[in-house]
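# Structure at a glance
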Amino acid sequence: MLQHQALHYPTESQWYDALSELSSQLSDRDLYCALWVKRCSHAESRRALVLEQYGAWHAAQAAYVDLMHRWQTGDHALINTPRAELTMWESGLVRAAKSLNQWELLTEFAKSMPNAQPTLLMECLWKIGDWDRLKDLFAKYSMPEQPRIKMLQTYAFIHDGKLQEAEAKCNEGIQAALGQWVSLPSLDVGSHTPLLQVFQQFQELQESAQMLLEISNAQRSSGPPELSSILTTWRERLPNRWEDLPAWNDLVSWRNHMFSHINNVLTRVATDNPAVTSAAMQELIWTNTRFAHVARRQSLPEACINIISKIQSVVSGVPSADIADNFAKMREQSRACLQLPALTSQGLELLHRTDLKLLTPAQKSDVFLTKAELVLAKQPDGGSESEEVGSHLANSVFLHSAQPKAWLLWAVWLDGKFRDTGESTWAERALACYLQAALHRREKAASMLCRALSLMRDAPSLECRTALAAIFGEHCDAVPLWEWLPWLPQLLDALPAVEGPQVQHLLCRIGVAYPQALYYPLRRY
C-alpha cells in the first residue's frame, strides 16, 4: 500500500518516510537503499548508498563524511539539500562507524549532541563502562518500551549487583522482543535476525546473573566458583562469522565486562590452581581473538588490528596466558597487515620477534608462510627479496608438509619465476608443488590440476616436457582420482604426447574406479 502511494504521489515525502522507516524496522537494507537511491537529490548520495549496500563500509563512510563536510562549508551544489536527506547522511555515517567497529568515534559524536542521539549515547556508554552517566540518562529521558532499551537497563542492574531488578527487566525485554517477533512477516528470515541476536543477548544476561550468584556463594565459602560450564557454553555459542560486526561487538563487549569482573573476584579468592584464577582472562583473550578473526575475514583489517591492540595489555598482565591463544592473536594481527600495504613491514617485524621455540610444527609452518606472504605483498614483483620468499616457503613445508596453502603459494611463485626466466627447472618444481597442493587441499584441487596439465602441454622444449612428465608420474597417484574427472578430455588429448605413458597409467586407474565417467570421453577420443 505504501509503495502504491509513493508511486502515485512521488512529490509527497511522507510516503517515502514511512517506507524507509518500515524497511529499517524489517532490517531490509536493499529496500532501504533502493528507496533512497530513487529519492535522493544528489548523485553523491546515491553513490554512498550503493557503497553501503555492497558492504564497502570504508568507502561509504568516506562518501558520507565528504558530503557532510561539503554541506557544512557551503558547497553550492549541496546547499539546498532536503532535511530528510541530511538525516540520511547522518544515519549512514553512524551505520558505517558501527560496521567498522569505531565506537570511540561514535562516543565522541553522541556526546557532542546528547539530546539528539540519546539512544546512541546510551549504547556507547555501556560499552565503555560509564555506568553512572548511563543511569543518569535513564532518569533524564523517557525511553520507549523496546527490547534493546530493556537490555541496557538490565546491563546496568547486573553491573550494580541488583539481580532481582535485572531479572525483572530481562523478562520485560524478552516479552517486548516476543511482541515484535509475532508482528513480523512469517517467511522473511532477514527481518528476524536482529531479534534472534537480541534473544541470545538476553540468554547471556540470565547466565551472567547465574555467574554473579555463584561468585557470591563462592566468596562466602572462600572457594573458587564453578563457572566452567557457562564459560564453555559461551565459547561454543558465538555468532556466525558472516554476521555483521555490530552483532559481534554487542556480544563481546558484555562478555568483556563479565570476564573482567570474574577475574577481579578470582584474584581475591585464594586457590592453589592457577588455571582457575586465570580462566576468565583466558576466555577474554580467546573471545576477542575470535572477534578479530571475524573482522579480518570480513575485510576489515583496521578493526582487527584495533581489537588486538586493546587486549595487548591484558595479555602482558597474564603470565600464564595460553600459547595457542597468543599465537592466534599474533597470527590475526600479522595477517591483517597483509590487507594493509602500508603495514607489511610492521607485520614482518612482529613475526621476526616471535619466539618459535614454544610453537608446534604446524604453528611454525604458519609463521613462515605468513612471512612469505608479507614479503610478496611488500614487493609483488619479487625484487631483491625473491630468495627470501623461497626460503620461507621451503621452511614452511619442511616443518609441516600438510600445508596446502604453502604448497600452492610456492607453486605460484615458482610458476612466476618460470614465466620470467623460461628455465625448465622452475617449471619442474612448480609442477611438483601444484600436485602436492592438490593432494592436501582436496576440496579445491580442480583449479590447481588445470595449471599442472597446462605446464606439461606448454613446455618450451622436448627435454623439459620429458622431465615434467616424469614428475607428473611420481606425484599424480597421490591425488584423489575423482579430482581428475573434470580433466578427462585433457588427459586423453595428452596420450600421444611425451607424457602419454604416465597419463595412460592414470587413466587405467580412473577406468577401474569410475568406468562410467571415462566411457563417453573415451568414445569421443
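Just so you know, these numbers come straight off a predicted model, no measurement behind them.

The subject of this paragraph is the nonpolar core. Counting residues in each nonpolar core, the largest one holds 128 residues, and the members touching the most others are L431, F472, W484 and L491. The element best represented in this core is helix α24 (residues 424-440), accounting for 10 residues. Formed by 17 residues, the second largest nonpolar core is a distinct cluster that contains C33, L67, L78 and L86.

Within the structure shown, the criterion is met by nine aromatic pairs. Put simply, the rings of W126, Y155 and W254 pair up and form one aromatic cluster. Over the ring of W286 we find R235, and its NZ or CZ is 4.3 Å from the ring centre. Here R429 stacks its cationic end above the ring of W426, 5.3 Å away from the centre of that ring.

The next thing to look at is α24. With 17 residues, α24 should reach 24 Å at 1.5 Å per residue; the first-to-last C-alpha distance of 25 Å fits that figure. With respect to burial, α24 is a largely interior element, 12 of its 17 residues being buried. Within the span of α24, buried status applies to W426, A427, A430, L431, A432, C433, Y434, L435, Q436, A437, A438 and L439.

Now for empty space enclosed by the protein. Tallied over the full model, the rule gives one cavity of 30 Å³ or more. If you add up the space inside the largest cavity, you get close to 40 Å³. Lining the largest cavity are Q197, Q200, Q201, P239, E243, A247 and L251. Looking at the lining of the largest cavity, the elements that each hand over two or more residues are α12 (189-221) and α14 (245-268). Looking at the lining of the largest cavity element by element, the count peaks at three residues for α12.

What follows is about the environment of W484. Here W484 shows up in the loop between α26 (462-475) and α27 (488-493). In the structure, W484 is positioned 52 residues away from A432 in sequence and 16 Å away in space, judged by C-alpha atoms. Here W484 is in contact with L435, L449, L453, F472, C476, V479, L491, L506 and I510, once residues within four sequence places are set aside.

Parameters and conventions
Residues numbered from 1 in each chain as written. Predicted model: local features only at pLDDT ≥ 70, side-chain atom pairs only at ≥ 80, totals over all residues. Heavy atoms only, no water. Core = buried A, V, L, I, M, F, W, Y, C linked by side-chain atoms within 4.5 Å. Buried < 20%, exposed > 50% of the residue type's maximum accessible area, 1.4 Å probe, protein only. Helix = DSSP H or I, 4+ residues; strand = E, 2+ residues; numbered from the N terminus. Phe/Tyr/Trp six-rings, centres within 6.5 Å; stacked < 30°, edge-to-face > 60°. Lys NZ or Arg CZ within 6 Å of the ring centre and 35° of its normal. Expected span 1.5 Å × (residues − 1). 1 Å grid on protein atoms, 1.4 Å probe; cavity = no way out; pocket = protein on both sides within 12 Å on 5 of 7 lines; lining within 4 Å. Points joined across faces, edges and corners; volume = space filled by probe spheres on them. Contact = heavy atoms within 4.5 Å.

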